[in-house]
Protein chains: 2
Amino acid sequence: MKLLKLYASLKPELQSIEDSLADSVSSELELLDDSAKHLLKAGGKRLRPVFVLLAGKFGHYDLERLKKVAVPLELIHMASLVHDDVIDDANTRRGQPTVKAKWDNRIAMFTGDYIHGKALVVAGQLEDPRIHRILSGAIVQMCIGEMEQIRDFFNTEQTTRNYLLRIRRKTALLIAISCQLGAIAAGAPDRVSSALYRFGYQVGMAFQITDDLLDLCGTEKAIGKPPGSDLRQGNITLPVLFALREEKLREPLLAEIAAIREADGTAVSAPAVKLVRSSAGIAEAEKLADRYIAKALRELDNLPDIPAKKNLAEIAKFVAQRSY
Amino acid sequence: MKLLKLYASLKPELQSIEDSLADSVSSELELLDDSAKHLLKAGGKRLRPVFVLLAGKFGHYDLERLKKVAVPLELIHMASLVHDDVIDDANTRRGQPTVKAKWDNRIAMFTGDYIHGKALVVAGQLEDPRIHRILSGAIVQMCIGEMEQIRDFFNTEQTTRNYLLRIRRKTALLIAISCQLGAIAAGAPDRVSSALYRFGYQVGMAFQITDDLLDLCGTEKAIGKPPGSDLRQGNITLPVLFALREEKLREPLLAEIAAIREADGTAVSAPAVKLVRSSAGIAEAEKLADRYIAKALRELDNLPDIPAKKNLAEIAKFVAQRSY
């Protein structure tokens, strides 16, 4: 409820960002224009732009400057989704057919590359080497995270530390720099942009853990794709790692995961999902997500008391909300 | 012969660039380190770094600065090759197995993304927004070129203008900015960097036309992959477009191309290649490449008479040399 109000209060800014997103990916090449617009139309929470806008309130709020950070961040996120769908062999995302399903893998790959390139073009307009450095560093880390995910597919021996490092690179970092770059673009003091970076990082960790929980516990309607997708593709997430520690569950769960692996994409993950749901792994993962949110909220303590601070806290709390 | 001498004279600088390339893509993640190093080891002419170095001689030659332009350009080129191999379903390049053949398409995609990201990290060290702008603009154009290539696969009705626009984006632009950025990084006057950009553009066009000729007329040993690869994947190049204009050849050539398309990857392109070789299209394409080289050489006329100018002319002439 509070979140809806927040989005409503940011509506003109978010619409302006939406327009810039559409402008930035438009192309004379029909094929590219179609695939990029298709992605945009699928929507999304535009979480990274929201963080940019709120972080920008801690400095000299200038929408035009903030847009030049918000748009690249959302584009980088979108590009990673398109490439993810190639890897995951996903046919739907947010209830819509993916680029790779609607066109093909080749087109999805270059659409991702193109959107990525456009992100850099927009960010380049700010002519701030520091922003460039933070963005390109994050891009590299995200690629490493993606490769770690491939490396760790079906690896039931991985530690929870493996998992946490991976989601840090894959998800948390981009949210962290969304908060940081919003503050930097607005000329906020380093102390503020650093605190916001740490806030974003903690929120990002909680966000990914919650997302992974939803994939196990959500309904197809709620998550826009069949549940158990992660397991089906071999992505061993935190609740699964926790469940594997339970003596009674370990052997049957290992057997189910091995069966999914052997079936090479044709298996159903429902029995494995059921086992994980019956474990204490769900509650343990929820607890860890909540701890990240608590840490995120503490990071806000030392920031000036402006309305944006309350808004950031609201988003953080929303991220940890799970309805399944 | 002259070219070997030129490479020999640049040996220390090129070795230093080679070391920086290896450093820049090294990763703690073994999988990523292996795939990126595999690419590096396959070698290549390092044409873009050579252009950067020679262009740098027209200003204040500073190897450390020039490297920060040469390395990103070569990395961007390498990243495009890895993604190309996914598209082309190529199993060898330069006589070596491709990343997608040695590992798989997913790994090739993220290796490309990673190398790309690293290119931006290195370029960012220069803190020159103009360099960033030129690089990111070129990246976007290259993606559009790749998409145009996919769009135009098996399109026998495309014009030579289509082809020229496509190779301009896909190949010529990166060579053009290699020359331009070498000059800019060395602080050469705008007049010089612009002339070098135009020189590089013309050389790049000739280079791609010659490359496409080699795919039709070269031996497997000379080109490091089976000849006729372009036609097999549906890439209709300039000599083919010229051959299609010949009344006697048009129908049989169209039939052969249609047969390749229908066979969906399992066909041999040898009969189509034979038809194109028998046409005047080969000589016509050679003529056009030579015209681009002549234009490139004319661009050098107004540049200061330093040894690097002679070297650039030598490379231009070498690019147009064809031995088949």
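Cut-off values and rules
Residues numbered from 1 in each chain as written. Chains lettered and ligands numbered in written order. Predicted model: local features only at pLDDT ≥ 70, side-chain atom pairs only at ≥ 80, totals over all residues. Heavy atoms only, no water. Helix = DSSP H or I, 4+ residues; strand = E, 2+ residues; numbered from the N terminus. Rg over C-alpha atoms; globule rule 2.2 N^0.38 Å. Buried < 20%, exposed > 50% of the residue type's maximum accessible area, 1.4 Å probe, protein only. Contact = heavy atoms within 4.5 Å. Buried area = accessible area lost by both parts, 1.4 Å probe. Salt bridge = Lys/Arg side-chain N within 4 Å of Asp/Glu carboxyl O. Polar contact = N/O pair within 3.5 Å; in protein donor to acceptor, adjacent residues only side chain to side chain. Nonpolar A, V, L, I, M, F, W, Y, C, P; charged D, E, K, R; others polar. Least-squares fit on C-alpha atoms with pLDDT ≥ 70 in both. Axes fitted to C-alpha atoms, helices over the stretch in contact; angles between N-to-C directions. Parallel < 35°, antiparallel > 145°, perpendicular 65-115°, else oblique. Left-handed = near helix turned anticlockwise from the far one by under 90°. Patch = residues over 30% accessible without salt bridge, like charges linked within 9 Å, V, L, I, M, F, W, Y side chains within 5 Å. Areas by Shrake-Rupley, 256 points an atom, 1.4 Å probe, with all protein chains shown as cover. Lys, Arg positive; Asp, Glu negative; His and termini not counted. Charge placed at Lys NZ, Arg CZ, Asp CG, Glu CD. Core = buried A, V, L, I, M, F, W, Y, C linked by side-chain atoms within 4.5 Å. Phe/Tyr/Trp six-rings, centres within 6.5 Å; stacked < 30°, edge-to-face > 60°. Lys NZ or Arg CZ within 6 Å of the ring centre and 35° of its normal. Expected span 1.5 Å × (residues − 1). pLDDT = per-residue confidence, 0-100.

Engineer: How should the overall build of chain A be read in this particular structure?
Structural biologist: A count of helices and strands for chain A gives 17 helices and 2 strands. On C-alpha atoms alone, chain A measures out to a radius of gyration of 20 Å, which is about the 20 Å that the 2.2 N^0.38 rule sets for 324 residues. Summarising its shape, the C-alpha atoms of chain A cover approximately 55 × 50 × 35 Å along the three principal directions. Put simply, chain A has 324 residues, and 60% of those count as buried.

Engineer: I would appreciate a short explanation of the interface of chain B and chain A in the present structure.
Structural biologist: Interface size is commonly expressed as the accessible surface area that is lost when the partners come together. On the side of chain A, 37 residues touch chain B, which itself brings 37 residues to the contact. Between chain B and chain A lies a buried interface of about 3,500 Å² when both sides are counted; carbon and sulfur atoms form 81% of it. There are 2 salt bridges connecting chain B and chain A. At the junction of chain B and chain A, the tally comes to 7 residue pairs in polar contact (both at pLDDT 80 or more). When contributions to the side of chain B that touches chain A are tallied by element, the ones reaching two or more residues are helix 3 (30–41), helix 5 (63–88), helix 7 (105–124) and helix 8 (129–152) of chain B. Broken down by element, the side of chain B that touches chain A gets its largest block of residues, 14 residues, from helix 8 of chain B. Considered class by class, the residues forming the side of chain B that touches chain A number 20 nonpolar, 8 polar and 9 charged.

Engineer: Is there a simple way to think about unusual backbone geometry in this case?
Structural biologist: Positive phi, normally seen in glycine, also occurs at Phe154(A), with a value near 65°. With respect to the helices and strands, the residue Phe154(A) is situated in the loop between helix 8 (129–152) and helix 9 (160–185). Unusually for a residue other than glycine, Glu127(B) sits at a positive phi of about 55°.

Engineer: Sorry if this is basic, but what is going on with the relation of the copies chain B and chain A here?
Structural biologist: What relates the two chain copies is a rotation about an axis together with a slide along it. Each copy superposes on the other: chain B lies on chain A with an RMSD of 0.0 Å after a rotation of 180° and an axial shift of 0.0 Å. Such values leave the two copies arranged in the relation of a two-fold axis. Taken together, the interface assignments show that 100% of the residues at the interface of chain B recur at the interface of chain A, consistent with an identical surface on both copies.

Engineer: What's the story with the packing of helix 8 of chain A against helix 7 of chain B in this structure? I'm lost.
Structural biologist: Packed helix pairs are characterised by how far apart their axes lie and by the angle those axes make with each other. Two numbers describe how helix 8 of chain A lies on helix 7 of chain B: the axes approach to 8 Å, and their chain directions differ by 160°. Relative to helix 7 of chain B, helix 8 of chain A is oriented roughly antiparallel. Crossing geometry of helix 8 of chain A relative to helix 7 of chain B is assigned as left-handed. Contact residues: His132(A), Ser136(A), Gly137(A), Ile139(A), Val140(A), Cys143(A), Ile144(A), Glu146(A), Met147(A) and Ile150(A) in helix 8 of chain A; Arg106(B), Ile107(B), Phe110(B), Thr111(B), Asp113(B), Tyr114(B), Gly117(B), Lys118(B), Leu120(B), Val121(B), Ala123(B) and Gly124(B) in helix 7 of chain B. For the contact of helix 8 of chain A with helix 7 of chain B, the per-class residue count stands at 12 nonpolar, 6 polar and 4 charged.

Engineer: Honestly, a positive patch on the surface in this entry has me stumped. Any pointers?
Structural biologist: Together, Lys2(A), Lys5(A), Lys310(A) and Lys317(A) make up a region of like positive charge exposed at the surface. Looking at the positive patch, the elements with two or more residues in it are helix 1 (2–9) and helix 17 (307–320) of chain A.

Engineer: What am I meant to see in the pattern of salt bridges here?
Structural biologist: Pairs can form between side chains of opposite charge once their charged atoms are near each other. Residues and elements named next belong to chain A. On inspection of all chains with the given rule, the structure shows 24 salt bridges over all chains. The salt bridge partner of Arg-130 is Asp-190, with a shortest N-O separation of 3.4 Å. Here the residue Arg-130 occupies a position in helix 8, and Asp-190 occupies one in helix 10 (residues 190–217), the gap between them amounting to 60 residues. For Arg-130, a relative accessible area of 32% translates into the label partly exposed. Between Asp-305 and Lys-309 there is a salt bridge, with the nearest N and O atoms lying 3.0 Å from each other.

Engineer: What should I look at first to understand the nonpolar core in this one?
Structural biologist: Considering soluble globular proteins, one finds that nonpolar side chains tend to be buried as a cluster. Among the nonpolar cores identified, the biggest contains 241 residues, and Ile209(A) and Ile209(B) are the most heavily contacted of them. Once residues within four sequence positions are removed from consideration, Ile209(A) is found in contact with Tyr163(A), Leu164(A), Ile167(A), Leu238(A), Ala285(A), Leu288(A), Ala289(A) and Tyr292(A).

Engineer: Got a minute to help me understand the packing of aromatic side chains in this structure?
Structural biologist: Here the distance between the centres and the angle between the planes together describe a pair of aromatic rings. Residues and elements named next belong to chain A. Applying the stated criterion across every chain, the model contains 2 aromatic pairs over all chains. A ring pair is formed by Phe-51 and Phe-199, whose centres lie 6.1 Å apart and whose planes are at 80°; its orientation type is edge-to-face. Linking Phe-51 in helix 4 (residues 47–56) with Phe-199 in helix 10, this pair joins segments that are 148 residues apart in sequence. Both residues of the pair, Phe-51 and Phe-199, belong to the buried class. For Lys-57, the ring lying beneath its charged end belongs to Tyr-61, and the centroid distance is 4.1 Å.

Engineer: What is the right way to read helix 14 (residues 247–263) of chain B from this model?
Structural biologist: Since there are 3.6 residues in each turn of an α-helix, residues three or four apart along the chain are aligned in direction. All names here are of chain B. Over its 17 residues, helix 14 extends 25 Å from the first C-alpha to the last, a length consistent with the 24 Å expected when each residue adds 1.5 Å. Turning to helix 14, its buried residues are Leu-249, Leu-253, Leu-254, Ile-257 and Ile-260. Along its buried surface, helix 14 packs onto helix 12 (229–233), helix 13 (238–243) and helix 15 (270–277). One or two steps after helix 14, the chain reaches Asp-264, where phi turns positive at roughly 55°.

Engineer: Quick question: what am I supposed to make of the confidence of the model for chain A here?
Structural biologist: Low pLDDT means the predicted coordinates in that region are not meant to be read closely. All names here are of chain A. Counting all residues, the mean pLDDT for chain A is 91, and 97% of those residues have values of 70 or more. No element of chain A has a lower mean pLDDT than strand 1 (residues 92–93), at 70, and none a higher one than helix 13 (residues 238–243), at 98. This complex was scored by the predictor with a pTM of 0.90 and an ipTM of 0.87.

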